[in-house]
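Single-letter residue listing:
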Amino acid sequence: MKEFDIQEYMTKGVERVVKDAIKATVKDPKGSAFMMRFATASKKASKKRRNSEDNGVHIPPFLIASITSSCNLHCAGCYSRTNHQTEDCAPKNQLTDEEWKKIFKEANEIGVSFILLAGGEPLIRKDVIKTAGEFEDIMFPVFTNGVFVDDEYYNLFLKKRNIIPIMSIEGGKEATDSRRGEGIYDRLIANMDKFHEKNLIYGCSVTVTTENIKDVVSEDFISSLSSRGCKAVIFVEYVPVTEESKELAIGDKEREFFSRELDRLREEHDEMVFVSFPGDEKSSGGCIAAGRGFFHINSHGGAEPCPFSPYSDINVRDTSLKDAVNSKLFRALQAQDILKDDHDGGCVLFEKKEEVERIINSYY
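Just so it is clear, the model here is predicted, and its values are computed rather than measured.

Novice: Just to check I follow, could you spell out the packing of helix 7 (residues 173–180) against helix 8 (residues 184–197) for this structure?
Specialist: Between two packed helices, what matters for the description is the angle formed by their axes and the separation of those axes. The N-to-C vectors of helix 7 and helix 8 enclose an angle of 115 degrees; their axes lie 8 Å apart at closest approach. Residue-level contacts link Lys-173, Thr-176, Asp-177 and Arg-180 of helix 7 to Ile-184, Tyr-185, Asp-186 and Leu-188 of helix 8.

Okay, structure coming up:
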């Protein structure tokens, strides 16, 4: 059986979404024109990355940018709050709008095609979201809880089609409100219906736990998203950060079930793109963090392997994005094959955090 290739799947999936989006925006000349321009821009970005590779510099196509450490919700089991990376109020010394603009500009120059905006809750930073809209050769999926989506944001999404909201949902109403707060599910459904009405592309992210695994791959749930115009579903395996939350993390048995269901969904729902993190990575030659396929910039500028592995030895305030993606830590993680190590499933860097700490401590 041929091993699943996430890079090949993502490439084909993006092409399909762009094609579907062009069809969906026939009556919206601005939206249709953008999607055609982005298809051309993504090919040019790919060529830039190939040229860099030929010169011995690896540039990943994806960047995750946590543009704020502030969040308005207290979701049950949130890894970011447990690690004290997210707070109610924005801490001092976060990257400014101008500093993020500099990062987006360099990312565009070196061939990064996608910058995933995260947090905290990224829609709190409306200034940065507007800045992202200026770089139309880059697609900016925005991972949001959906609470701050208002008329001003709808108008921004209409004008700047490179900003794609990805709303977090846990399955049905009970599961979503139980983890995220009363009334969140209804707010998300209202947002979806309005996105669909306006022919705006959007996606959903789902944290997969032992409690919701069957529901979130069910035909009822996926069909309900599809009928509302959802074009992408990103499944993220829950990563436990405390002993009490370990029971929420799926094991081998659940992962085998999930893998079979994911194959079924990909076959039966070709109108949508399905991505599993980190499951797809394990089946395609290892974790793609630490610059192999993506890396993470935190709200203070630290370049980290990924949001689940908050270790950094370099800051983009002091260096270029190109230097950051080739940091000592990233090179060491790749050279020592930790990213390709066998592990239980979940997140390899979180599981092997003591080894990551040993590497970074060796520099100081």
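Next comes the rest of the write-up.
Novice: Quick question: what am I supposed to make of the pairing of strand 1 (residues 62–66) here?
Specialist: One face of the sheet, then the other: side chains in a regular strand alternate in exactly this way. Counting buried positions along strand 1 gives 5 out of 5 residues, so the element sits mostly inside the fold. Along strand 1, one buried face is formed by Phe-62, Ile-64 and Ser-66 and the opposite face, lined by Leu-63 and Ala-65, is buried too. Pairing of strand 1 with strand 2 (residues 114–118), which is carried by 5 bridges, proceeds in the parallel orientation. Following the sheet pairing, Ala-65 is matched in strand 2 by Leu-117.

Novice: It is not clear to me how the side chain of Arg-180 should be interpreted in this structure. Could you clarify?
Specialist: By the element assignment, Arg-180 lies in helix 7. A distance of 2.7 Å separates a polar atom in the side chain of Arg-180 from a polar atom in the side chain of Glu-170. Excluding its chain neighbours within four sequence positions, the residues that come into contact with Arg-180 are Leu-73, Cys-75, Asn-145, Ser-168 and Glu-170.

Novice: I would appreciate a short explanation of the pattern of salt bridges in the present structure.
Specialist: Two side chains bearing opposite charge may form a pair once their charged atoms approach each other closely. One pass over the full model with this rule turns up 20 salt bridges. For the salt bridge of Arg-255 with Asp-252, the shortest nitrogen-to-oxygen distance reads 3.3 Å. Highlighted residues: Arg-255 and Asp-252, both in helix 11 (residues 252–268), separated by 3 residues, approximately one helical turn.

Novice: Help me understand helix 4 (residues 97–110), please; the structure alone is not making it clear to me.
Specialist: Every α-helical turn comprises 3.6 residues, leaving residues that sit three or four positions apart pointing alike. Here helix 4 is 14 residues long and its end C-alpha atoms lie 20 Å apart, about the 20 Å a rise of 1.5 Å per residue gives. Taken residue by residue, helix 4 has Trp-100, Ile-103, Phe-104, Glu-106, Ala-107 and Ile-110 as its buried positions. Taken around the axis of helix 4, the buried residues stretch over an arc of 165 degrees, which confines them to a single face. Set apart from the buried face of helix 4 by more than 90 degrees, the exposed residues are Glu-98 and Lys-102. Count one or two residues on from helix 4 and you reach Gly-111, which has phi positive near 100 degrees.

Novice: How should I be thinking about the packing of aromatic side chains in this particular structure?
Specialist: Centre distance and the angle of the planes are the two values used to describe a pair of aromatic rings. Tallying each qualifying case throughout the model produces 12 aromatic pairs. Geometrically, the ring pair formed by Phe-235 and Phe-274 is stacked, given 6.5 Å between the ring centres and 10 degrees between the ring planes. Highlighted residues: Phe-235 in strand 6 (residues 232–237) and Phe-274 in strand 7 (residues 273–277), separated in sequence by 39 residues. For the pair formed by Phe-235 and Phe-274, the shared burial category is buried. For the cation-ring pair, Lys-126 lies above Tyr-153, with the distance from its terminal atom to the ring centre recorded as 4.7 Å.

Novice: Which parts of the structure should I look at to understand the packing of helix 4 against helix 5 (residues 126–133)?
Specialist: At a closest axis distance of 9 Å, the pairing of helix 4 and helix 5 adopts a crossing angle of 30 degrees. When the axes of helix 4 and helix 5 are compared, the pair comes out roughly parallel. Seen from above, helix 4 lies across helix 5 with right-handed handedness. Two secondary-structure elements touch here, helix 4 through Asp-97, Trp-100, Lys-101 and Phe-104 and helix 5 through Asp-127, Val-128, Thr-131 and Ala-132. Among the residues forming the contact of helix 4 with helix 5, the class breakdown is 4 nonpolar, 1 polar and 3 charged.

Novice: Mind showing me how you'd approach the pairing of strand 2 here?
Specialist: Taking burial as the measure, the 5 residues of strand 2 include 5 buried ones, the bulk of the element. Burial of strand 2 is two-sided: the residues Phe-114, Leu-116 and Ala-118 facing one way and the residues Ile-115 and Leu-117 facing the other way are all buried.

Novice: Would you take a moment to explain helix 10 (residues 219–227) for this structure?
Specialist: Residues Phe-221, Ile-222 and Leu-225 constitute the buried set of helix 10. Buried residues of helix 10 fall within an arc of 90 degrees about the axis and therefore sit on the same side. The elements touched by buried residues of helix 10 are helix 8, strand 5 (203–208), helix 9 (213–216), strand 6, helix 11 and strand 7. At the C-terminal side of helix 10, Gly-229 shows a positive phi close to 90 degrees.

Cut-off values and rules
Within each chain, residues carry numbers counting from 1 in the order of the written sequence. Totals for whole chains, interfaces and linings use all residues, but because this is a predicted model, local features are given only for residues with pLDDT of at least 70 and pairs of side-chain atoms are given and counted only at 80 or more. Note: side-chain values were computed over all heavy atoms of the structure, leaving out hydrogens and water. Convention adopted: a line fitted to C-alpha atoms gives each axis, helices being fitted over their contacting stretch, and angles between N-to-C directions are expressed from 0 to 180 degrees. Helix and strand assignments follow DSSP, with helices taken as H or I runs no shorter than four residues and strands as E runs no shorter than two, numbered in order from the N terminus. We call two residues in contact whenever any of their non-hydrogen atoms come within 4.5 Å of each other. Buried residues are those whose accessible area, probed at 1.4 Å on protein chains only, stays under 20% of the maximum for their type, while exposed residues exceed 50% and partly exposed ones sit between those limits. Pairing between strands is defined by DSSP: at least two bridges between them are needed. Under this definition, polar contacts are N or O atom pairs within 3.5 Å; protein pairs additionally need one hydrogen-donor-capable and one acceptor-capable atom, and for neighbouring residues in sequence, both atoms have to be side-chain atoms. By convention in these notes, a salt bridge is any Lys or Arg side-chain nitrogen within 4 Å of a carboxyl oxygen on Asp or Glu. Helix span, as expected, comes to 1.5 Å for every residue beyond the first. By arc we mean the arc of the directions from the helix axis to the C-beta atoms, nothing more. Centre distance within 6.5 Å is the pairing criterion for rings of Phe, Tyr and Trp, where only the six-membered ring of Trp is used; planes under 30 degrees apart are then read as stacked, over 60 as edge-to-face, and the remainder as tilted. Definition used: whenever NZ (Lys) or CZ (Arg) falls within 6 Å of the ring centre and also within 35 degrees of the ring normal, the charge is taken to sit over that ring. Note on angle classes: values under 35 degrees are labelled roughly parallel, values over 145 roughly antiparallel, values of 65 to 115 roughly perpendicular, and the remainder oblique. For any pair of crossing helices, the crossing counts as left-handed if the nearer helix is rotated counterclockwise from the farther one by less than a right angle, and right-handed if it is rotated clockwise. Basically, the charged four are Asp, Glu, Lys and Arg, the nonpolar ten are Ala, Val, Leu, Ile, Met, Phe, Trp, Tyr, Cys and Pro, and anything else, Gly included, counts as polar.

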